[in-house]
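A look at the structure
The residues making up each chain are set out below.
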Amino acid sequence: MGLVRAPSMRRGDLLDEVINEYVAGKSSKMRLFKGGPSRIVATLTCLQFAFAIYATFLLYYMSPAVDLRPKPDFSWAAHIVQHWKQMVLPGRQPTNASLTPQEVCERERIDFSQKKSDDQEMIRLKRELYDEILDFQRRSSGAESLAELLSMKSRWRRGGPDVPKITVILNHFKRKTLCAQLDALLHQTLPFHDVWVLSFGSPNEDSLRRIVQSYNNSRISFVSSSYDFKYYGRFQMALQSEVDFVYFLDDDMIPGRRMLEILSHAGGTDKYRNAVLGSIGRILPFRQKDFSFPSYRKFRSKEAGLYLPDPAYNIIVERVVQVDFLSSSWFLSADLVKTLFVETPFTWTTGEDLHLSYQLQRYRDAGSFVLPVDPRDKETWGDSEHRLAYVSETTVIFKDVVQVRDEQWWRALTSGFVTRWAAMYPQAIDALFYAHSLDEVRALAPLLEKFRATAGKKAYIAVSGGAYCPCEAAAAVLRWPKEACKERRFRIFDVGSGAISGLSRSEVPLAQSVYSGVKGLLQIHNPVLLVAADGVDPFVRSALRMAAETSANGTGLVVLPRSSVENSLWMADLGSGTLRHWSKMKISVNIITQNRANSLKRLLRSLSEAFYLGDEVPISFNIDSSVDEATLSAVSSFNWTQGPKLIRRRVIQGGLIRAVTESWYPSSDDDFGLLLEDDIEVSPYYYMWIKYALLAYHYDPRVSVPELVSISLYTPRLVEVVKERPRWNPTEFFRGIHPNTPYLHQLPCSWGAVFFPKHWREFYAYMGSRFTANAKENPVMIPRSRTNGWQASWKKFLIDMMYLRGYVSLYPNFPGQASFSTNHMEPGAHIRAKDNVVQHKKDDFEVPLLREDFSRILPGGKLPPAAKLPVLDLFNQPVSLRALKSFGARLNQDVLDCGDSKIVSVDSSTGLPKNCSAF
């Protein structure tokens, strides 16, 4: 590579001097011949000497070690003509130092008119799309005219105290436009700092060098290399620049006189300083009605995108237009240039224009903009002779180049490149799966397929790509055709992690590429959930979390343990509005324990073996003052991996009522408390049941069950509120509806239930106003209920409140009364207590635990709509929710006297009674 700044002597100058002497000598010989014989001998001797010198130089220049490319033809005929010309036209042949641009410049001949289309259908389609894009931009971010742009406040302005330093880089190969470009640049209203003329592997290198030398301008440099660095070489050179802006020009761009002034002014505004600016741009294809994307060269297609400006369709850019990428010229801050090389390009042979805009958006959040022009003033145009762009346009005439560029922009779009189509038409899908390895693809495949097979659901998968998880290999694992990676239809995305990290063992580039790619995909597709498999690289997991947290759509991150995926297929049955609350809820486990260490260990073991769907689940232990050493040891040594562990111990014995009611209090309306006594054991699926039920009946925006107070893990076998306590089997009872339908029951459960925050606050306030040391002072007497005689029971107060206000709990119902919790009926405060005359048979209370995926047993394989849930009163009789409220109102024993047609309404934030309301 050579750098030429000043002219140098041509290699033939010395030879020309010799020939001139020979010609001069020949004239003298003619005069001396008349003077005498002695002079003839002297003349012949001089002539002989001249020929000897000439032959010596001729042999030198014929040597293969001498580069003859910049020399004129050294044939005898050429020399004779040259010498006779000197004889006829006096004066010396000028050296390179004295050459002028007028002598060496070549001009591009344009012997055709500007292309104009007469296809009215195409003109209509292109114009409609352009108007849609411009209208969207006006509404979203604004689209300034040239006058409006120049009136914006800018750091740089012509004649101001600060004048930007601009390096102009001209890339030339065969075109004859260099002189036109240099002339245009030298006459700019805002002067450039320097110009670099690049010639990489050009057959016209010597001609280009002579042109640069002829301008004899220290600010214009010539850089050459016999190696062709193609389209990326100029950007690599720009990495060495120490200026404010770099302006790259293809050899078909002749800028108007005001171009540097306009570009630098725009680059100095707050709005466009983090951007790449130019004069020609492209809008990439839009999605077609069949949900596929066409080639950007598809004819007679509105969806094929736009080329701007396009005189063929009479489209002139009179307002700033954001485009997907720029072509032929790029003006950007020198600092942004390095972004082009963050990732390895898709190909080095073409597409540097798309790659630049893609990288700038992905890693610098920088847009690409075509600046407006004044149609009547070509001095404001970046391509004052647009016909040049129609000569030898390789992206049009070569089919293989079109195919490569189609693959390139599709790869960019599926790697998170937010195109104008994506910005104008944001998608809304249910889930985006991310897999960093083929094992993760296999783990997530069942849930992905369930989403895709469920009517009304949309779900795609993104893979890391490269050596981590090649797209084609991932498609094979999913039993999809390999063409799925290139078919220009959304299904599988490659975020291109290998393009930035390569063989690096550093976690930084890996996390950066995953974050940048997934962030873009979330912006395009707006999934409700981003789903990954547990065990993913921790830095990748952090990148996914950051991408989800910055999502404008509020995408929730779900990192599923691989063992849970097969049992989480019910996720696909929930609506998008419901899934949005997946990560919103917080469910805590609150254990009440005293002196049953072995029972506690059994409960803790069952909790540890359950499926938690990747959620953080806090656990707390609530211990009374007289706890034994074995229980304390079991609590302190327990390792809880699902979340924080909290231990509370009383100083003074409080008893069971305080132990239970004070074990948990909600911190927000999304904080749910699971209360468990230590003789309970839970099913591995207990947490899934709670989460599924909360999403279906509490968070579904289409469902409103304000009467729902809690979700039970347990299915009772007895009707415990009547004196006889008869056996009861819900499977048989609901056979006419569905044997395994869940149901709503007015009886709360004390053997494993999760309580809702608003109602628990309400219960606190209610109990605070009704609790006395003497249980007989409780004024609530429910007809025919044996709970009236219960003493020292927190559950009695909850039953009273639920009866008075018409509240219910949700209960599971499976074959054999299998449940998500069971009570082992071990001695405690009530069971086998001295003052408890009721005999408790273990067979009446202990139920089998569910050990299989419960969703397959539900009606239709999913939770039924809330409106179809059967409702039972306190005595296991079918009623309506309205009837329950009526029963409570008629009892008229609540903390407020509301009559028999209204019930107490409370403040949801405090739980305190507020007024009476109709039902």
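That block above? That's the structure.
What you see is a predicted model; the values in this text were computed from it and never measured.

In a structure, side chains of opposite charge can pair up when their charged atoms sit close to one another. Tallying each qualifying case throughout the model produces 47 salt bridges. In this structure, Arg 761 and Asp 669 form a salt bridge, with 3.0 Å as the shortest nitrogen-oxygen distance. Highlighted residues: Arg 761 in helix H28 (residues 757-770) and Asp 669 in the loop between helix H25 (655-661) and strand E21 (671-677), separated in sequence by 92 residues. Overall, Arg 761 belongs to the buried group, its relative accessible area being 6%.

Further remarks concern the sheet that holds strand E10 (residues 325-327). Taken together, the three strands give an open sheet; going across it, the order is E8-E7-E10, and neighbouring strands pair in antiparallel fashion. Single-partner strands in this sheet number two, and they are strand E8 (306-308) and E10. Averaged over all neighbouring strand pairs, the angle between strand axes comes to 30°, with direction disregarded. Judged from the three bridges that link them, strand E7 (residues 280-283) and E10 form a sheet pairing that is antiparallel. Paired with Gly 281 across the bridge in E10 is Leu 326.

The five strands are arranged E15-E14-E13-E16-E17 in an open sheet whose pairing can be described as parallel. Edge positions in the sheet fall to strand E15 (492-494) and strand E17 (556-560), since each of these pairs with one other strand and no more. Ignoring which end each strand starts from, the neighbouring axes of this sheet average 25° apart. Sheet analysis places strand E13 (residues 431-435) next to strand E16 (residues 529-533), joined by three bridges and oriented parallel. The partner of Ala 431 across the bridge, within E16, is Leu 529. Lying on the sheet, helix H16 (residues 438-453) is in contact with E13, strand E14 (459-463), E16 and E17; it crosses E13 at an angle near 165°. Those strands touched by helix H20 (residues 538-549) are E13, E16 and E17, and its axis lies near 155° from that of E17.

This brings us to helix H31 (residues 881-891). Looking at H31, one finds that the buried residues are Leu 884, Lys 885, Ser 886, Gly 888, Ala 889 and Leu 891. Asn 892 lies just past H31 and shows a positive phi near 55°.

Between helix H7 (residues 178-186) and helix H8 (residues 205-215), the least distance of the axes is 10 Å, while the angle of their chain directions is 30°. Between H7 and H8, the angle falls in the class roughly parallel. Viewed along their axes, H7 and H8 form a crossing whose handedness is right-handed. Along the contact surface, H7 presents Leu 178, Cys 179, Leu 182, Asp 183 and Leu 186, while H8 presents Leu 208, Ile 211, Val 212 and Tyr 215. Its residues assigned to classes, the contact of H7 with H8 comprises eight nonpolar, no polar and one charged.

Turning our attention to the environment of Pro 285. Within the secondary structure, Pro 285 sits in the loop between E7 and E8. Residue classification places Pro 285 among the buried positions, given a relative accessible area of 2%. For the pair Pro 285 and Thr 419, spaced 134 residues apart in sequence, the C-alpha separation works out to 8.8 Å. When residues no more than four places from it in sequence are discounted, the contact partners of Pro 285 are Phe 293, Pro 294, Ser 295, Tyr 296, Glu 303, Ala 304, Gly 305, Trp 409 and Trp 421.

With that out of the way, let us pick up the state of the cysteines. A full pass over the atoms with the stated rule returns three disulfides. Disulfide pairing places Cys 471 opposite Cys 485 at an S-S distance of 2.1 Å. Measuring handedness by torsion sign, the sulfur bridge of Cys 471 and Cys 485 sits at about -100° and is left-handed. Placement of the pair is Cys 471 in helix H17 (residues 471-477) and Cys 485 in the loop between H17 and E15, with a sequence separation of 14 residues. Considered together, Cys 471 and Cys 485 belong to a single accessibility category, that of buried residues.

Reading guide: rules and limits
- Residues numbered from 1 in each chain as written.
- Predicted model: local features only at pLDDT ≥ 70, side-chain atom pairs only at ≥ 80, totals over all residues.
- Heavy atoms only, no water.
- Salt bridge = Lys/Arg side-chain N within 4 Å of Asp/Glu carboxyl O.
- Helix = DSSP H or I, 4+ residues; strand = E, 2+ residues; numbered from the N terminus.
- Buried < 20%, exposed > 50% of the residue type's maximum accessible area, 1.4 Å probe, protein only.
- Pairing = 2+ DSSP bridges.
- Axes fitted to C-alpha atoms, helices over the stretch in contact; angles between N-to-C directions.
- Contact = heavy atoms within 4.5 Å.
- Parallel < 35°, antiparallel > 145°, perpendicular 65-115°, else oblique.
- Left-handed = near helix turned anticlockwise from the far one by under 90°.
- Nonpolar A, V, L, I, M, F, W, Y, C, P; charged D, E, K, R; others polar.
- Disulfide = S-S within 2.5 Å.

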